[in-house]
Amino acid sequence: MGALDRLAYYRRIFRAYLLPGRSQLTFWHETPTITPSWEPGRLGPYPMSFEAKANYPGPFDERGIPLLDYRGRLGPQYNPIAVAQYGLGNHNLFLLGRESDRLRRALAAADWLVETLSRGPQGLWLWLHHFDWDYRETLRAPWRSGLAQGQGISLLVRAHLETGREEYLDAALRAFEALRAPVDRGGTLFIDERGDPWIEEYIVSPPTHILNGFMWALWGVYDLHQRARIPEASSLWERCIGTLLAHLGRYDCGFWSLYEQSGTWMRMLASPFYHRLHIVQLRIMHRLTNEPLFRKTADRWEGYACNPWNRRRARLQKAIFKLLYY
């Protein structure tokens, strides 16, 4: 990240965390919770409740699509991941209470996803972010994300389940092609030196393999298989589960979980929020696969979080990492 990009990054962090009022963080940081009525193997509620996201206070556009306020130069922006999560949360609440307005909100988000799915430069159908974003390097608009593809699919197959409208399933199938296409061909799948596939949340080189984004995106593959029963989705699911089982230990630093495989001398620990998210996601992965490693890792990371010294150490190391590398 260059000096100007670094300065812009710190300004954005200051505005988001320290200035009064709502920012884009208002949307993202809810308490990770498993949906009580969720059952693996059945396409119904999304595994995570997203209730706070369903009740997002805004801003919204004139159609009721959420906008995230990044403040400063960026201001309010559409974020495809946020739109998908908002729709999934509202669909969960619809299934809970059968409120028609909740279904209307979920379908409005699904309609937006259908309308904004567009061909990328290499012919794949993508949900693109139309604003620059500072990550390891500045992601220049328009940029793609495997997380957007996976969670968009998760909402669209549920919209198809509720309405039978084929445009929802058609869009989900088109979006899936980017999940299974390599990053060098315009997709979001990275194949490592062992031949293991990774769905990348952010497309950077070298890849960082963000753990929460990989698992969330992978649930979209699972959901598509539940609805469409296509062998390509089943194959990608099984291969990616193999990747997680083979590499999950690399995300354990002995007292906390890692957010990503940073490739830097100091490793990037998860924030307390993302550490808790990892635990919930791993418990869901265990229920989806019956693989004991997911449950055992979740139990161990839960134990890390119960130790006050671990929590303080993780916060300090995370802050130092940000100062050194971001």
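Further up the page is the structure itself.
Below is a summary of the structure that appears in this document. (Residues numbered from 1 in each chain as written. Predicted model: local features only at pLDDT ≥ 70, side-chain atom pairs only at ≥ 80, totals over all residues. Heavy atoms only, no water.)

Some thoughts on a nonpolar patch on the surface
Reasoning step 1: Residues Leu-316, Ile-320 and Leu-324 make up a contiguous nonpolar surface patch of roughly 270 Å² in combined accessible area.
Reasoning step 2: Assignment of secondary structure puts Leu-324 in helix α12 (residues 308-325).
Reasoning step 3: Look at Leu-324 and you get partly exposed, because its relative accessible area is 46%. (Patch = residues over 30% accessible without salt bridge, like charges linked within 9 Å, V, L, I, M, F, W, Y side chains within 5 Å. Areas by Shrake-Rupley, 256 points an atom, 1.4 Å probe, with all protein chains shown as cover. Salt bridge = Lys/Arg side-chain N within 4 Å of Asp/Glu carboxyl O. Helix = DSSP H or I, 4+ residues; strand = E, 2+ residues; numbered from the N terminus. Buried < 20%, exposed > 50% of the residue type's maximum accessible area, 1.4 Å probe, protein only.)

Quick look at the state of the cysteines
Reasoning step 1: In total, this model carries zero disulfides according to the counting rule given.
Reasoning step 2: Free of any disulfide, Cys-253 has its nearest neighbouring cysteine sulfur in Cys-306, separated by 16 Å.
Reasoning step 3: Using a relative accessible area of 15% as the deciding quantity, one classes Cys-253 as buried. (Disulfide = S-S within 2.5 Å.)

Considering the nonpolar core
Reasoning step 1: Met-48, Phe-176, Ile-199, Leu-218, Val-221 and Met-285 are the most contacted members of the largest nonpolar core, which has 97 residues in total.
Reasoning step 2: The greatest single-element share of this core, amounting to 10 residues, is contributed by helix α8 (residues 211-228).
Reasoning step 3: In this structure, Leu-126, Leu-128, Ala-178 and Ala-181 belong to the second largest nonpolar core, which totals five residues. (Core = buried A, V, L, I, M, F, W, Y, C linked by side-chain atoms within 4.5 Å.)

Describing the packing of helix α6 (residues 146-163) against helix α7 (residues 166-180)
Reasoning step 1: Relative orientation of the contacting elements α6 and α7 amounts to 160°, with a least axis distance of 8 Å. Taken together, α6 and α7 sit at an angle that is classed as roughly antiparallel. The way α6 lies across α7 gives a crossing that is left-handed. Seen from α6, the contacting residues are Gly-146, Gln-149, Gly-150, Ile-153, Leu-156, Val-157, Ala-159, His-160 and Thr-163; seen from α7, they are Glu-166, Tyr-168, Leu-169, Ala-171, Ala-172, Ala-175, Phe-176, Ala-178 and Leu-179.
Reasoning step 2: Its residues assigned to classes, the contact of α6 with α7 shows 12 nonpolar, five polar and one charged. (Axes fitted to C-alpha atoms, helices over the stretch in contact; angles between N-to-C directions. Parallel < 35°, antiparallel > 145°, perpendicular 65-115°, else oblique. Left-handed = near helix turned anticlockwise from the far one by under 90°. Contact = heavy atoms within 4.5 Å. Nonpolar A, V, L, I, M, F, W, Y, C, P; charged D, E, K, R; others polar.)

Comments concerning the pattern of salt bridges
Reasoning step 1: Counted under the stated rule, the structure contains 16 salt bridges.
Reasoning step 2: Across the pair Arg-104 and Asp-101 runs a salt bridge, and its minimum N-O distance is 2.8 Å. With Arg-104 and Asp-101 both in helix α5 (residues 100-116), this residue pair falls three residues apart, about one helical turn.
Reasoning step 3: With a relative accessible area of 46%, Arg-104 lands in the partly exposed category.
Reasoning step 4: The class for Asp-101 is partly exposed, based on a relative accessible area of 31%.
Reasoning step 5: In this structure, the salt-bridge partner of Arg-283 is Asp-299, at a minimum N-O distance of 2.9 Å. Taken together, the residues span a long stretch of sequence, with Arg-283 in helix α10 (residues 272-289) and Asp-299 in helix α11 (residues 292-305) at a distance of 16 residues.
Reasoning step 6: The exposure class assigned to Arg-283 is partly exposed, which follows from its relative accessible area of 24%.
Reasoning step 7: The network of salt bridges with shared partners includes Arg-276, Arg-283, Arg-295, Asp-299 and Glu-302.

Let's talk about helix α9 (residues 231-247)
Reasoning step 1: With 17 residues, α9 extends 24 Å from end C-alpha to end C-alpha; this agrees with the ideal 24 Å at 1.5 Å per step.
Reasoning step 2: Contacts from the buried residues of α9 go to α7, β7 (189-191), β8 (197-199), α8, α10 and α11. (Expected span 1.5 Å × (residues − 1).)

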